[in-house]
Structure formats: C-alpha cells, structure tokens
Amino acid sequence: RGGRGQRNSGGGGKDFDVIEEIGTATDASVAIAVEGCCHGALDAIYDRLRRHQESTGKSVDLLICCGDFQSIRTTADFHSFAVPPKYKTLGVFHEYYTGTKVAPVTTIFIGGNHEASQPLQELYYGGWVAPNMYYLGAAGVVKYRGVRIGGLSGIYKSHDYQLSRFERPPYDNSTMRSVYHYRNLEVYRLKCLSRRLDVMLSHDWPQGIEQYGNTRGLIRRKPFFENEINSNSLGSPPAMELLQKLQPSYWFSAHLHVKFTATVRHVQPGSSASSSVNILIPSQAIRATAEKGDGKAQATETASPAATQFVAPETISACGDTPDLTDLMTQFLS
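Cut-off values and rules
Residues numbered from 1 in each chain as written. Predicted model: local features only at pLDDT ≥ 70, side-chain atom pairs only at ≥ 80, totals over all residues. Heavy atoms only, no water. Buried < 20%, exposed > 50% of the residue type's maximum accessible area, 1.4 Å probe, protein only. Helix = DSSP H or I, 4+ residues; strand = E, 2+ residues; numbered from the N terminus. Pairing = 2+ DSSP bridges. Arc of directions from axis to C-beta. Core = buried A, V, L, I, M, F, W, Y, C linked by side-chain atoms within 4.5 Å. Contact = heavy atoms within 4.5 Å. Polar contact = N/O pair within 3.5 Å; in protein donor to acceptor, adjacent residues only side chain to side chain. Phe/Tyr/Trp six-rings, centres within 6.5 Å; stacked < 30°, edge-to-face > 60°. Expected span 1.5 Å × (residues − 1). Axes fitted to C-alpha atoms, helices over the stretch in contact; angles between N-to-C directions. Parallel < 35°, antiparallel > 145°, perpendicular 65-115°, else oblique. Nonpolar A, V, L, I, M, F, W, Y, C, P; charged D, E, K, R; others polar. Salt bridge = Lys/Arg side-chain N within 4 Å of Asp/Glu carboxyl O.

(A) Molecular detail of the pairing of strand β14 (residues 329-333). Counting buried positions along β14 yields five of five residues, so the element is predominantly enclosed. Taking every second residue as pointing to the same face, both faces of β14 are buried, with M329, Q331 and L333 on one and T330 and F332 on the other. Note that strand β11 (residues 261-265) and β14 share five bridges and pair antiparallel. Looking at the pairing, V264 lines up with T330 of β14.

Right, here's the structure in full:
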C-alpha cells in the first residue's frame, strides 16, 4: 500500500520495519501479504517478508501487489514503459523471469500506470509472467485456497474509457499511456460476476471512497487532494460502481501513495440488519464472524517495500440463508 515514505514513481523509497497486524490468525487462516505500489522492488519486498517471518514465526501464504509491478524483462521493454527516462532502469524482475531467482511466495498482481505495458498486454486474460508470479490480466478473478480474489488493472481516464483496445507495439507517446487506461469492457466483465469476492484489487481508488474514512485526516496529509475531494473527482467512478455491485469483503488499492482506511456498509433494503449496522465497526464484525466459525480476517500493513498481511476467511456461500455480519461491509485499505 502507499504510506509515509512510499516510493515515488520508479524512484527510491524507505523501508519501514514496523508491520501492523489486524485481526487474529487461526490454523485454518490464509495469510496474504498485500503490497501497494511495487515499483520493481521485488528483492526488498521478499526480504521484508522473510525478516517478518524470522522475527514473528508467521509465514505468508500469498503475496498480492496492487500495481506498478514493473515486470521489465529486458531493456527492449522500455519502449512500453511510460516513465521519465531517469526511471527507466532494468530492476530485478528479469532475474525472476529467467529463473535465476524464484519468488519465495506465490505472487499475484495487477497492472498500474507505471508498467512495461507490452508484456502485460501479451497476457490480456492473465497468466504467469515468471515462475510463481501470476498476472490477473486486464480484469480477472482467481481462487486461492478458497479465497476469491478479483482485480482490475490500470487506471481510469474518461477519454479512453469507451474506446476499444487499439494499442499495438511499437507504442508511441500516446499509446504507451492509453494502453494502461482500462475500458468499460473490462469493468463490465467484472460486473457480470454472480458470486461475491473476498478480495478486490484496483490500482486507483474508487471515486468517493475518502468519504467513508477520515476525510479531514487525509486532507491534512495530502492537502492537494482537497479540491478533488470537494468536487468529488478523486478516484475512479467505474471502480466505485464495481465496489457497490460486487460488495467484496476487502478492497485494496495503491496509486496515491498514502495510507487510508475506510469502511463501506452495504445495507440491503428491508434487511433486518439495517437497524444495527450503523453501530458496527469492522473489529466487531470480525469477532462475530469468528464466533460463528466462518474464519477470521487478519491484515498487516507497512510502507513499501514491505507489505500488508491479510488472513482471509473461506469464501461465503452465495446461497447462504443468513448473511454474515461481514457481508454488510467492504473494508478498504490503500
């Protein structure tokens, strides 16, 4: 996730040693580390997870990255890498791509707006970019040990949203940017999902999500967001449409390089829970879930190049008669 000391686009950053854990793991839990903007710092991320395991004895089952992964195979990929020239460095991904190194934990990621776009466009529907590293595609869903994880790659730009996918290599200055602007087709595909997701990933934030958390605190840390917040133009309208339609248990984003948490409550018309949902907080919902035996959720967060650790519950049946308390909310973290 983005946070204090978060690395700038393609640049250096600060490694934070504090990993904050949310929730309590059980023997049946799935431990998922969540990274915000990766910016190619794979060695540092995996090293941080290793040190966390050595110091706590807690292992991570899966790593998910919320964009700006930068899967640069060779310098030839620079022609599709939309960053200033000083940030066009080879990085370390090529060592994982060639098999010189192997990711120590299974890694799933979505694309952001600072990517080598050609290798990702070659895997439009998703696929393995290197041993133990999986790209979710322009829009995709996978299940890992019962946890349903969806993702939308890229960022929203209104002038490209209704267009088809016309970009082809060799890219010019325009298409190397429009290629990472997601389209209505990808959003529509995700809207067609009939079962609720446990985790949803997007690079940019859902529009208006700042209204569900400490908005004033966000403005104090990022004062240049204030005009966008006041005009309700911060974030992506299609991402918020997806959040309201899919109602995932967790939504993770990156892009804006700031830590922010929010809770969106989904109250169904006529629901018997509507009278009590206003007094629930996420920790209460997690405890109630655990008492019912449906599993627990845990998250750990740090600034890049460390990660957030999330211990997910098993997928809740779409045919259940009585909704779990966590069915009423989406917990957002950037």
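After presenting the structure, the write-up continues.
(B) Structural context of helix α6 (residues 184-191). Those residues of α6 not exposed but buried are E186, V187 and L190. Seen along its axis, α6 keeps its buried residues to an arc of 100°; they face one direction.

(C) Molecular detail of the nonpolar core. Ranked by size, the top nonpolar core spans 27 residues in total, and within it L152, M200, W205, I209 and L242 carry the most contacts. The set of elements that each furnish at least two residues to this core consists of α6, α7 (215-221), α9 (237-246) and β11. If you tally residues by element for this core, the top one is α9, at five residues. The residues contacting W205, other than those within four sequence positions of it, are L218, G235, S236, A239, S253, A254, L256, V258, F260, F332 and S334.

(D) Quick look at the environment of N232. By the secondary structure assignment, N232 is in the loop between α8 (226-230) and α9. For N232, a relative accessible area of 39% corresponds to the partly exposed category. Dropping the residues within four chain positions of it, N232 is found in contact with Q207, G208 and E210.

(E) Region of interest: the side chain of S334. Following the sequence through the fold, S334 ends up in the segment after β14. There is a polar contact of 3.0 Å between the side chain of S334 and the side chain of W205.

(F) Representation of the packing of aromatic side chains. For the structure shown, the criterion picks out 14 aromatic pairs. On the numbers, 6.1 Å between centres and 35° between planes, the contact of F93 with Y97 is tilted. Of the two residues, F93 and Y97 both sit in helix α2 (residues 93-97), four residues apart, roughly one turn of that helix. Of the residues examined, F93 reaches a relative accessible area of 2% and is grouped as buried. Relative accessible area serves as the criterion here: at 40%, Y97 is assigned to the partly exposed category. Ring geometry for W128 versus Y134: centroids 5.1 Å apart, planes at 75°, classification edge-to-face. Owing to a relative accessible area of 54%, W128 belongs among the exposed residues under this scheme. Through a chain of ring-to-ring contacts, three or more aromatic side chains come together here, namely F69, F93, Y97, F109 and Y135.

(G) Inspection of the side chain of S236 at higher detail. Along the chain, S236 turns up in the loop between α8 and α9. Taking the relative accessible area as the measure of exposure, S236 reaches 0% and is therefore buried. Here A239 takes part through its backbone nitrogen, which lies 3.1 Å from a polar atom of the side chain of S236. Sequence-distant contacts of S236, that is, excluding residues within four places in its chain, are made with Y156, Y182, D204, W205, P206 and Q207.

(H) Representation of unusual backbone geometry. Each neighbour pair has its own omega, and for P169 with P170 the value is 0°, a cis peptide bond. Mapping P170 onto the fold places it in the loop between α4 (158-161) and α5 (175-178). Here D68, not a glycine, exhibits a phi torsion of approximately 50°, which is positive. Looking at where D68 falls in the secondary structure, it is placed in the loop between β3 (62-65) and α2.

(I) Structural detail: helix α1 (residues 42-56). Here α1 is 15 residues long and its end C-alpha atoms lie 21 Å apart, about the 21 Å a rise of 1.5 Å per residue gives. One or two residues past the end of α1 sits G57, with phi positive at roughly 80°.

(J) View of the packing of α6 against α9. Here α6 crosses α9 at 10°, and the two axes come no closer than 10 Å. Considering the angle they form, α6 stands roughly parallel to α9. From α6, V187, L190 and K191 reach across to α9, where they touch P238, E241, L242, K245 and L246. Across the contact of α6 with α9, the residue classes break down as five nonpolar, no polar and three charged.

(K) Molecular detail of the pattern of salt bridges. A full pass over the atoms with the stated rule returns 12 salt bridges. Ionic pairing is found between E95 and K101, a salt bridge with its closest N-O pair at 3.4 Å. The partner of E241 in a salt bridge is K191, and the shortest N-O contact between them spans 2.6 Å. Remark: K191 occurs in helix α6 and E241 occurs in helix α9; sequence separation between them is 50 residues. For E241, a relative accessible area of 36% gives the class partly exposed.

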